[in-house]
Amino acid sequence: MPLPEGVSELLPGYLARQRWYGGSEPDDLRILDSDLLLALERETHRLWWALVGAEGARWQLLLGERPKGEPAEFLQGREEAVLGLAGSAYYYDGTLDPTFDLVLLQLATGGAEEAERVRPAGVEQSNTSLVFDDRVILKVFRRLVEGPQPDVEVTSGLVDAGFDHVPRVLGVWRRGGDDLAVAQDFLVSGVEGWALALTSLRDLYASPEADPADAGGDFQAEASRLGQMTAAMHRALSAAFGVFRDPGRAGEWADAMAAGLHHLRDEDPQWRSHAGSVVDGLRQVSDPGAAIRVHGDFHLGQVMRTDSGWYVLDFEGEPARPLQERTRPTSPLKDVAGMLRSFHYAARVALREQAGDAAPGEVLERQAAAWEGHNRRAFLRGYLGYPGVDELLPGDDRSRSAVMTAFELDKAIYELAYERSYRPDWIAIPRDAIRGLLGAA
Amino acid sequence: MNDDQRWYKRAVFYEVLVRGFFDANDDGTGDLRGLTAKLDYLQWLGVDSLWLLPFYQSPLRDGGYDISDFFTVLPEYGELADAVELVEEAHRRNIRIIADLVMNHTSDLHPWFQESRQDRVNPKADWYVWADDDQRWPEARVIFIDSEKSNWAYDAGRGQYYWHRFFSHQPDLNYDNPEVAETMIDVVRFWLDIGLDGFRLDAVPYLFERDGTNCENLPETHEYLRRVRKEVDAAFPGKVLLAEANQWPEDVVDYFGDGDECHMCFHFPVMPRMFMAVRREQRTPITEILGRTPSIPENCQWGIFLRNHDELTLEMVTDEERDYMWAEYAKDPRMKRNLGIGRRLAPLVDNDRRVAELLHSLLFSFPGSPVLYYGDEIGMGDNIYLGDRDGVRTPMQWSPDRNAGFSRADFAQLYLPPLMDSVYGYQAVNVEAELRNPSSMLQWMKRMLEVRKNHPVFGEGSFEVLHAENPSVLAYVRELDDDIVLCACNLSRFAQPAELALQRFEGKVPIELLGRVPFPPIGQLPYFVTLAPYGFYWFQLVEG
């Protein structure tokens, strides 16, 4: 069923205001499909579904409709989520409307799950998530991929392989071969790894001269358990999706990295050649370890500390990379590198909190570096000590370090490009990392 | 006194060291009449039950836990008549009294043991656990690792080894002997007849020994406890058995049985976790342990505490956590005692009143009946240079007068010197001064106990941890019918925001319980609160 008249004109402006879209007003927007999902309150409250094409991708929209002038408490302070008026009704992001959400949950789980209450799960980069009764979380995908969403595919595969540190999948909402939304267990006791790391860092920075191992908020034990969980995840991923040892895989990884080196064009000209040598170093590794399906965007924001240990979320890979690249088997050290980069980010972001734009001072700088090193070592201890993870990694230390450095550098260059586009204030963080990695290589 | 048989579900206990509380006869040692003289203070404070450390005849080589006659009061403390008077006076003030009872062992000076060690044929020959060598039950760990090497000790007189789970001067009774089992029940009857309201059963997991086991928590031990419970229920309804079993909660629950063993058990591991959570500024250490605490029979209750006369017990944390607690709380190696840390609450939290209040707010609102330790209500300190565990057993500080107002004996005659340092000494920290100061720790404590008493939900309600994105914020809801209390606290030294998912209570109005101040009603959106450093709120949720 087509959207009501006048709505499609509101869409480009609306899209540009959405964080999950992350772009300016598209001029090529097309409505690929649409439907009326619900009509309540004598058909005055309606929920529309639409699939639109814009900027070479497909986007899922859920649009609420209410009569002009009828207030809605859930829209307070959410002006960006309102499309505006069309005819005698106004339109808004339908996922903010609790009445609709409760029905969406039933749709997504084929009626298996019902709830009394719903709340939004906080700001997210690429999806919209809703929490029901603090028990179930429904993730509504915004940018659709062809075929199954990697997140759904990987989570289910891990559970089947006996890995229970991912939230169980309770149901998937599908339409015409596309995964539209997935319902999973909500980790009610969970705390994001990023928030825990910042808590530890704030404690450290407020204790002048303290060593991270002596500070009250020492993160070492958590980092080490996180390393163990990561290794267990890689074992399960290799069991579920296979272990690949094609000759030339190091070369393929290197090729993909080499393609990203152009992001260094505005930096110190020497960096590009140094980075090229790091990538060549990877190419020459004779035993680079196995290629497996990996998490792909592994960082502290993707892991939750719950009462039963660390859990991992969001197997979608880096959203800015093409799907094919995101699901391609690669070295498990890619994830390890991602988490190590995240420790660096946490230390620096917490430092910015302390110092603002001013230089943080020598003591804080030293503490930041010490925290990162301390937890980096703890994470690696946990990871490398996990039984069986060796089989997936390069055999000797030199190869291991060459592969790891290359993946860390690749990640830092990706971050550099990301920060340049979205958060120029933060660009010093990846820049410092690249400088460090090239200096050490 | 009220005749509520479930009183222990809502009670606040106060652990008191008779020796250290008040000296009525000026001999330098606290006594039962001294405790009786201070009952008005305890009634004013608002405690529901006292827990007395052992007051039986004893050579006092282990603080009275080495009993040499179960039917006699230690002469320094008084005589049986004083115990009777204490119980009567306490009951007149609606205060109950439970007392320590050591069932596992006696002093080696107990006449039973003296007789038993004579030879292998005397009438008490089998009252203790004897063997020809020291090889049996190798799986049983040594508990007092600082002073004991083995669970066996050689007795030259009898030419045999005897079994002791604690000090070698404390031989274990042999519960396989029916006479022993029966006699210990006579001990229980004797004291309940006098009017005691129950016992804290010391070291219960170790009553029996069996080959191929670690000799802890054996089925025979549980069976015996069920028998004790049956006797108590039949003849003394409303009396309470509180087990000391320093184990993980999933093992401790066995001591509740099906509600037919002990009424109460101490929840040991939650205590170090509270300290750890504050140190790490995050709730996980607490939610983890509460999450793995099994539910218990409806007529049972946990006993929870921040500090007691023993060390901060770390037996029940993992090695890694134990190292962490040591590193954080005992930088001075003298502070390490066995597997714990011998400190009082105030010095343990660097005398930070905010942290002490926060920890008490947790103690008073977590599932269980709180047990206070004498002196902590005024923020007393400790003296780690006194031997063994005496550092936390110094005289109660009543006033700035000589000997802290505890005794009129000569200073040199005191069982232990009172604290005299400039921070925690009795000139600075004492009951008299805090009674006069409306903002003192003592007055705060009294207010908290009042609030708790008005809300049975704290003792009997359900407990549910709420989701909060901020790891430093711990929020939970206690519910009992329409009495709903929301607790939110900040475990961090920095101010923290929290958005609480309270949609379930939409339309209700939170009333802050200490000041009765109404807060904005709960709406559809997450409820936003700002918490001061180490701050906490208790809200009653009422219909708007």
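Residues numbered from 1 in each chain as written. Chains lettered and ligands numbered in written order. Predicted model: local features only at pLDDT ≥ 70, side-chain atom pairs only at ≥ 80, totals over all residues.

**Some details on the overall build of chain A**
For chain A, the count of helices and strands is 12 helices and 16 strands. A compact globule built from 441 residues should have a C-alpha radius of gyration of about 22 Å, and chain A, at 23 Å, falls within 12% of that. The buried share of chain A, reckoned over its 441 residues, is 45%. Taking as baseline every contact in chain A between residues at least 6 positions apart, the subset at least 24 positions apart corresponds to 65%. (Helix = DSSP H or I, 4+ residues; strand = E, 2+ residues; numbered from the N terminus. Rg over C-alpha atoms; globule rule 2.2 N^0.38 Å. Buried ≥ 20, exposed ≤ 12 C-beta atoms within 10 Å, placed from the backbone. Contact = placed C-beta atoms within 7 Å.)

**Points about the overall build of chain B**
Each helix and strand counted, chain B has 16 helices and 24 strands in total. If you line up chain B on its principal axes, its C-alpha atoms span 80 × 55 × 50 Å. When burial is assessed residue by residue, chain B has 52% of its 544 residues classed as buried. Of the contacts made within chain B by residues no fewer than 6 positions apart, 67% connect residues no fewer than 24 positions apart.

**Quick look at the interface of chain B and chain A**
Chain B puts 24 residues into the contact, and the matching count from chain A is 21 residues. The greatest single-element share of the side of chain B that touches chain A, amounting to 4 residues, is contributed by helix α10 (residues 284–291) of chain B. For the side of chain B that touches chain A, a count of residues per class yields 6 nonpolar, 10 polar and 8 charged. (Nonpolar A, V, L, I, M, F, W, Y, C, P; charged D, E, K, R; others polar.)

**Regarding the sheet that holds strand β10 (residues 240–243) of chain B**
Residues and elements named next belong to chain B. Taken together, 8 strands build a closed barrel; the order of strands is β1-β2-β5-β9-β10-β11-β12-β16 and the barrel is parallel. With direction set aside, neighbouring strand axes in the sheet form an average angle of 25°. Sheet topology note: the strand β12 (residues 301–305)/strand β16 (residues 369–373) ladder contains 3 bridges and is parallel. The residue bridging F305 from the neighbouring strand is V371, located in β16. (Pairing = 2+ DSSP bridges. Axes fitted to C-alpha atoms, helices over the stretch in contact; angles between N-to-C directions.)

**Overview of the confidence of the model for chain B**
Summing up the model confidence of chain B, the mean pLDDT is 92 and the portion of residues at 70 or higher is 94%. Among the scores for the predicted complex, ipTM is 0.82 and pTM is 0.88. (pLDDT = per-residue confidence, 0-100.)

**Focus: the nonpolar core**
Formed by 157 residues in total, the largest nonpolar core has its most connected members in V16, V18, C265, M274, A475, A488 and L500 of chain B. Ignoring sequence-local partners within four residues, the contact set of A488 of chain B consists of V473, A475, A498, L500, V529, L531, F536 and Y537 of chain B. Counting 118 residues, the second-largest nonpolar core is a separate cluster that includes L11, Y14, L63 and L437 of chain A. (Core = buried A, V, L, I, M, F, W, Y, C linked by C-beta atoms within 7 Å.)

**Quick notes on the sheet that holds strand β22 (residues 517–518) of chain B**
Residue and element names in this part refer to chain B. As summarised here, the arrangement of the 6 strands in space is β17-β18-β19-β24-β21-β22, forming an open sheet in which the pairing is antiparallel. Edge positions in the sheet fall to β17 (462–465) and β22, since each of these pairs with one other strand and no more. Bridge count for β17 against strand β18 (residues 473–480) is 4 bridges, and the pairing is antiparallel. Bridge pairing in β18 links V465 to Y476.

**Points about the packing of helix α5 (residues 220–241) of chain A against helix α10 (residues 362–384) of chain A**
A packed helix pair is summarised by two numbers, namely the angle formed by the two axes and the spacing between the axes. Residue and element names in this part refer to chain A. At a minimum axis separation of 6 Å, α5 and α10 run at an interaxial angle of 35°. Two packed elements cross with a definite hand, and for α5 against α10 that hand is right-handed. Along the contact surface, α5 presents Q220, A223, S224, R225, L226, G227, Q228, T230 and A231, while α10 presents H374, N375, A378, F379, L380, R381, G382 and Y383. Its residues assigned to classes, the contact of α5 with α10 comprises 7 nonpolar, 8 polar and 2 charged. (Left-handed = near helix turned anticlockwise from the far one by under 90°.)

**Details of the environment of A16 of chain A**
All names here are of chain A. With respect to the secondary-structure elements, A16 resides in helix α1 (residues 11–16). Judged by C-beta crowding, with 15 C-beta atoms within 10 Å, A16 ranks as partly exposed. Note: C-alpha distance between A16 and P26 (10 residues apart in sequence) is 7.6 Å. Once residues within four sequence positions are removed from consideration, A16 is found in contact with Y21, G23, S24 and E25.

**Concerning the domain arrangement of chain A**
Residues and elements named next belong to chain A. Once the domains are mapped, chain A shows domain 1 (8–96), domain 2 (100–185) and domain 3 (191–440). Taking only C-alpha atoms, the centre of domain 1 and the centre of domain 2 are 21 Å apart. Facing 13 residues of domain 1, the contacting portion of domain 2 comprises 17 residues. The element that contributes the greatest number of residues to the side of domain 1 that touches domain 2 is strand β3 (residues 57–67), accounting for 6 residues. Broken down by class, the residue content of the side of domain 1 that touches domain 2 amounts to 7 nonpolar, 4 polar and 2 charged. (Domains from an automatic or database assignment.)

**Describing the domain arrangement of chain B**
Looking at the assigned domains, one finds that chain B contains domain 1 (105–172) and domain 2 (462–543). Using only C-alpha atoms to locate each centre, domain 1 of chain B and domain 2 of chain B end up separated by 55 Å.

**Quick look at unusual backbone geometry**
Phi angles above zero are rare outside glycine, and E41 of chain A is one such case at about 50°. Tracing the chain through its elements places E41 of chain A in the loop between β1 (30–40) and β2 (45–54). For E41 of chain A, a count of 11 C-beta atoms within 10 Å translates into the label exposed. Look at W137 of chain B: it is not a glycine, yet its phi comes out positive at around 55°. Mapped onto the elements of the fold, W137 of chain B is located in the loop between β6 (130–131) and β7 (152–155).

**Focus on the environment of V509 of chain B**
Residue and element names in this part refer to chain B. For V509, the location among the structural elements is in strand β21 (residues 508–512). C-beta crowding within 10 Å serves as the criterion here: with 16 such atoms nearby, V509 is assigned to the partly exposed category. When the C-alpha positions of V509 and F268 are compared, they lie 35 Å apart, and in sequence the two are 241 residues distant. Excluding its chain neighbours within four sequence positions, the residues that come into contact with V509 are P518, P521, V542 and G544.

**Examining helix α4 (residues 80–92) of chain B**
All names here are of chain B. Over its 13 residues, α4 extends 19 Å from the first C-alpha to the last, a length consistent with the 18 Å expected when each residue adds 1.5 Å. For α4, the elements touching its buried residues are α2 (32–37), α3 (39–45), β2 (49–52), β4 (69–73), β5 (96–102) and α6 (178–194). Taken from the residues just after α4, N94 is the one with a positive phi, measuring 65°. (Expected span 1.5 Å × (residues − 1).)

**Re the pairing of strand β16 (residues 309–312) of chain A**
Residue and element names in this part refer to chain A. Bridge count between strand β15 (residues 303–306) and β16: 4 bridges; the pairing is antiparallel. Each bridged residue has a counterpart across the sheet, and for V303 the counterpart in β16 is V312. Between β15 and β16, which pair antiparallel one after the other, the connecting turn spans 2 residues.

**Brief notes about helix α4 (residues 193–205) of chain A**
Residue and element names in this part refer to chain A. The first and last C-alpha atoms of α4 sit 18 Å apart over 13 residues, in line with the 18 Å expected at 1.5 Å per residue. A large share of α4 lies buried, amounting to 10 of its 13 residues. Every buried residue of α4 is accounted for by G193, L196, A197, L198, T199, S200, L201, D203, L204 and Y205. On its buried side, α4 packs onto β12 (191–192), α5, β15, α9 (333–355) and α10.

**Quick look at the environment of F407 of chain A**
All names here are of chain A. By the element assignment, F407 lies in helix α11 (residues 397–422). Between the C-alpha atom of F407 and that of K334, which follows or precedes it by 73 residues, the distance is 5.5 Å. If sequence neighbours within four positions are ignored, F407 has contacts with S331, L333, K334 and A337.

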